[in-house]
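Listed below, chain by chain, are the residues.
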Amino acid sequence: MRKIGSHLVGVDQGDVVLFSDFEHDGEMWTGDGPRLIRKHVDFADAYDLAPVVTVSLSMWDMSNGANMRADVKAEKVDRTGFDIVFRTWGDTKVARVRVAWQAIGPVSDEEAWDI
């Protein structure tokens, strides 16, 4: 558990389209085996420390002709941003994916004095 002391708490959020591979026969739509998409997200403002980031699928479009397999997570979280990582494997065919994210962490008060 992360405990946030006397700092202000900052919350940032967004919704990111990771890919739309069916439009151009991309690897997620036509490929087989392990596949990965990574996209960097910058926070609106930097946190004092790396925040806690949660991600979730907010839209997915997959073929019903194969098993549906997906793994989505936040990686490389730091004070200024993080990477959204989407993975699939086997014969799964993914046309497109959108991911919602939320970051919560300590921020400084611009009017507070550092003595």
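These notes cover the structure that comes with them. The model shown is predicted, which means the values in this text are computed figures rather than measured ones.

The rules behind the values
Residues numbered from 1 in each chain as written. Predicted model: local features only at pLDDT ≥ 70, side-chain atom pairs only at ≥ 80, totals over all residues. Heavy atoms only, no water. Helix = DSSP H or I, 4+ residues; strand = E, 2+ residues; numbered from the N terminus. Salt bridge = Lys/Arg side-chain N within 4 Å of Asp/Glu carboxyl O. Pairing = 2+ DSSP bridges. Axes fitted to C-alpha atoms, helices over the stretch in contact; angles between N-to-C directions. Patch = residues over 30% accessible without salt bridge, like charges linked within 9 Å, V, L, I, M, F, W, Y side chains within 5 Å. Areas by Shrake-Rupley, 256 points an atom, 1.4 Å probe, with all protein chains shown as cover. Buried < 20%, exposed > 50% of the residue type's maximum accessible area, 1.4 Å probe, protein only. Lys, Arg positive; Asp, Glu negative; His and termini not counted. Polar contact = N/O pair within 3.5 Å; in protein donor to acceptor, adjacent residues only side chain to side chain. Contact = heavy atoms within 4.5 Å. Phe/Tyr/Trp six-rings, centres within 6.5 Å; stacked < 30°, edge-to-face > 60°.

### Things to note about the environment of Val107
Then, in step 1: Topologically, Val107 is positioned in strand S6 (residues 94-107).
Then, in step 2: Taking the C-alpha atoms as reference points, Val107 and Leu49, separated by 58 residues in sequence, lie 7.8 Å from one another.

### Considerations on the pattern of salt bridges
Then, in step 1: For the coordinates displayed, the defined rule picks out eight salt bridges.
Then, in step 2: Ionic pairing is found between Arg96 and Asp61, a salt bridge with its closest N-O pair at 3.2 Å. Taken together, the residues Arg96 in strand S6 and Asp61 in strand S3 (residues 52-62) connect sequence positions 35 residues apart.
Then, in step 3: In this structure, the salt-bridge partner of Arg87 is Glu75, at a minimum N-O distance of 3.4 Å. Of this pair, Arg87 sits in strand S5 (residues 81-88) while Glu75 sits in strand S4 (residues 71-75), and the two are twelve residues apart along the sequence.
Then, in step 4: One network of salt bridges, with partners in common, ties together Arg38, Lys73, Glu75, Asp83 and Arg87.

### Thoughts on the sheet that holds strand S2 (residues 35-42)
Then, in step 1: The strand order across the open sheet formed by three strands is S2-S5-S4, and the pairing between neighbours is antiparallel. For this open sheet the edge positions go to S2 and S4, each flanked by a neighbour on one side alone. Ignoring strand direction, the axes of neighbouring strands in this sheet form an average angle of 20°.
Then, in step 2: Sheet topology places S4 next to S5; five bridges connect them, and they run antiparallel. Note that in S5 the partner of Ala74 across the bridge is Ile84.

### Some details on a nonpolar patch on the surface
Then, in step 1: The grouping of Val9, Val11 and Ile104 at the surface amounts to a nonpolar patch, some 240 Å² of accessible area in total.
Then, in step 2: You can see Ile104 is positioned in strand S6.

### Observations regarding the side chain of Asp21
Then, in step 1: As for its position among the elements, Asp21 is in the loop between strand S1 (8-20) and helix H1 (27-30).
Then, in step 2: Although Asp21 lies buried, it forms no salt bridge, and the closest oppositely charged side chain, Arg35, sits 7.3 Å away as judged by the N-O distance.
Then, in step 3: At a separation of 3.4 Å, a polar atom in the side chain of Asp21 contacts the main-chain amide nitrogen of Glu27.
Then, in step 4: Setting aside residues no more than four positions away along its own chain, Asp21 makes contact with Gly26, Glu27, Met28, Trp29, Val94 and Ala95.

### Here's the deal with the packing of aromatic side chains
Then, in step 1: For the structure shown, the criterion picks out five aromatic pairs.
Then, in step 2: Geometrically, the ring pair formed by Phe43 and Tyr47 is edge-to-face, given 5.1 Å between the ring centres and 85° between the ring planes. For the residue pair Phe43 and Tyr47, the accessibility class agrees, reading buried in each case.
Then, in step 3: Relative to Trp101, the ring of Phe82 has its centre 5.4 Å away and its plane inclined at 65°; by these criteria the two rings are edge-to-face. One end of the pair, Phe82, is in strand S5; the other, Trp101, is in strand S6, and 19 residues separate them in sequence. Per residue, the accessibility class of Phe82 equals that of Trp101, and both read buried.
Then, in step 4: Each residue in the set Phe43, Tyr47, Phe82 and Trp101 is aromatic and connected to the rest through ring pairs, giving one cluster.

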